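Observations on chain architecture
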Amino acid sequence: MVSLKKYLDPLPIPPILKPKYRNEKETFYVVRMMQAYQTLHSELPATRIWGYEGMYPGPVICARKKEKVLIRWENHLPEKHFLPVDKTLHGTMDGPEVRTVVHLHGAKVRPESDGYPEAWFTNNYEQTGSYFSRRVYWYPNCQQAATLWYHDHALGITRLNVYAGLAGFYLLRDSLERKLNLPKGSYEIPLLIQDRSFNPDGSLFYPSQPEPPVPGVAPSITPGFAGDVILVNGKVWPFLAVEPRKYRFRILNGSNQRFYRVRFDPELPIYQIGTDGGFLSAPVKLEELLLAPAERADVIVDFSDCKGKHLILRNDAPVPFPTGTPADPETTGQIMEFRVVLPLKGKDVSFLPDQLCPVIPIPENLAKVRRDFVMTVRRDQYGRLVFLLNGKSWQEPVTEKPQRGVVEIWNLINPGFVAHPIHIHQIQFQLLNRQPFDVEHFNRTQELVFTSPPVPPSPAEQGWKDTIRNNPGEVTRIIARFGPYTGRYVWHCHLLEHEDYDMMRPLEVVSKGAANR
Ligand code: C2O
Ligand code: CU
Ligand code: CU
């Protein structure tokens, strides 16, 4: 569509959000969602975006473990959406077009503050969804240091609100992290990777129809959208000038559908130190790093032997993943450039430790409940694809009612063609293994016949996860203890077009003794 010069603009670093007040008891923020115009590439006219505090990406929220954080989320957005709203989807048929609700992805919070898709609100809280109960959300931060992120979660339009720019980092820190002496300050940089497409006038392009178009619905959702341009922190193909030393990057795939498999060119090791929910037991040396939408990687990169060099962060993940169109080496196959051109400001005293924070495996024999979930797809009345979990749509009654404190194993069975990144709210879980099965046999008989032994998680996946890749033709087994809070949450595929239609289900954590099925 529009061809843009790569590595023209410096990487923006989103600012840290300032609280309205902070005292011994609590920290209070106000975050306004606003429309703004932002230059996403210096050859493009300013682009209309929706951002937290009018910024895309939103400001970084930093919290310490156990800090009581209160945030009043305010919607100051226009009444009309600037992206094509499909009014045949759940939540969009009647009621206001522009609805918002904020979810802190990866955090353990009470249900009233979790951003339930039907707890939405409009500008000035004039209209609210049936689950809306509060304007000020409470974040207890009672979990270990982790790279979390906040984003919109409004029913039926999450893909559009996030695409419009409603996403930001939330960095949770603790004392263990401080003791580790990792690169910090200007040497610790968040990287939000997203794809977008532009119209020639600089406006964001989002399709209003699938290819080929479906008769009878306009606009219509598509089975998944991937942009033709890659942005990091809201800039198209930016560059970052760095010193020859160690850096810590918090990498987040905030794309609707696109996976990234990244590596440095020329080759440079990536030391992964953390996953979605916190530190790994020990750093893992990687040549390449695979991130599905919503997954995060906390990494250390050492540029000390690269003085004067330019390194490109490349991507070779096909879209849809893993069997779709390969990334184009000239465009979507590139993400950003690192230029090791800054003089070393001082000796690099940061450290890549041998040990981080032990991740203790949840013993499989503790599991009291095992559940099977099949990633399903059917056609709707217009002939469009609807993605579902166990064939159930959002509106159907809750079928997952885990008891608080009880360990469960979930078997995610994918007999389809694309990988689904499955995300569960409130908890951090562990990957047990993945196992290939005979898909053709399964689709005929609904019976699992395994074609090879289970594959244990790679070292980089042996950490706390809240989003996990369920590859086609595999059963992905995860184990979790549910809680600490009871109440209504959700779980879903994090491909945003799937989440909106209709691969999301309610989840009710119940107290012990209550019926669990
Ligand atoms: Cu990041 Cu329910 O989402
Ligand atoms: Cu979440
Ligand atoms: Cu999916």
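One can find the structure itself at the top, above this paragraph.
Conventions we followed
Starting from 1, residues in each chain are numbered consecutively following that chain's sequence as written. Working convention: letters from A go to chains and numbers from 1 go to ligands, in the order in which they are written. Reporting in this predicted model follows two pLDDT cut-offs: at least 70 for local features of residues, and 80 or more for side-chain atom pairs to be given and counted; totals over whole chains, interfaces and linings ignore these cut-offs and use all residues. Just so you know, side-chain values use all the structure's heavy atoms and leave hydrogens and water out. Side-chain rings of Phe, Tyr and Trp, where Trp is taken by its six-membered ring, are said to pair if the distance between their centres is within 6.5 Å; with planes under 30 degrees apart they count as stacked, over 60 as edge-to-face, and otherwise as tilted. Only DSSP runs of H or I covering at least 4 residues are called helices, and only runs of E covering at least 2 are called strands; the numbering of each starts at the N terminus. Whether a residue is buried, partly exposed or exposed follows from its accessible area with a 1.4 Å probe, protein chains only, as a fraction of its type maximum: under 20%, in between, or over 50%, in that order. Only when the NZ of Lys or the CZ of Arg is both within 6 Å of the ring centre and within 35 degrees of the ring normal is a charge said to sit over the ring. Here, strands pair whenever DSSP counts at least two bridges between them. In this analysis an axis means a line fitted to C-alpha atoms, helices contributing only their contacting stretch, and an angle means the value between N-to-C directions, from 0 to 180 degrees. Coordination partners: N, O, S within 2.8 Å of the metal, 3.2 Å for Na, K and Ca; water not considered, so apparent gaps in a site are possible.

Observations concerning the packing of aromatic side chains
This model, assessed by the stated rule, comprises 30 aromatic pairs. Judged by centre distance (6.1 Å) and plane angle (55 degrees), the rings of Y139 and Y170 are tilted. Taken as a pair, Y139 in strand β7 (residues 136-139) and Y170 in strand β9 (residues 167-173) lie far apart in primary sequence, 31 residues in all. Classification of Y170 as buried rests on a relative accessible area of 1%. Ring centres 5.1 Å apart and planes at 65 degrees place the aromatic pair Y163 and Y206 in the edge-to-face group. Of the two residues, Y163 sits in helix α1 (residues 158-164) while Y206 sits in the loop between β11 (204-205) and β12 (229-232), which places them 43 residues apart along the sequence. Taking the relative accessible area as the measure of exposure, Y163 reaches 1% and is therefore buried. Chaining the aromatic ring pairs together yields one cluster made of Y187, Y247, F249, F264, F303 and F338. R339 extends its terminal NZ or CZ atom over the ring of F239, reaching a point 3.8 Å from the ring centre.

Let's talk about the sheet that holds strand β24 (residues 385-389)
Taken together, five strands build an open sheet; the order of strands is β24-β23-β25-β29-β27 and the sheet is mixed. Since the sheet does not close on itself, it has two edges, and those belong to β24 and β27 (430-436), each with one partner. This sheet shows a mean twist of 20 degrees between the axes of neighbouring strands, independent of strand direction. As judged from the eight bridges shared by strand β25 (residues 407-414) and strand β29 (residues 474-481), these two strands associate in the antiparallel manner.

Some words on the coordination of the copper ion (ligand 2)
Distances from the copper ion (ligand 2) to its protein donors, H103 (NE2) and H423 (NE2), fall at 1.8 to 1.9 Å. Placement of the pair is H103 in strand β6 (residues 102-105) and H423 in strand β26 (residues 420-424), with a sequence separation of 320 residues. No difference in accessibility class separates H103 from H423, as the two residues are buried.

Quick word on the sheet that holds β26
Read from one edge to the other, the open sheet built from four strands follows the order β28-β26-β30-β31, with strand pairing classed as antiparallel. With one partner strand each, in any of the chains shown, β28 (467-470) and β31 (504-509) form the two edges of the open sheet. The mean angle between the axes of side-by-side strands here comes to 25 degrees, regardless of whether they run parallel or antiparallel. Pairing of strand β30 (residues 487-493) with β31 involves six bridges; the strand directions are antiparallel. By the bridge assignment for β31, V490 is matched with P506.

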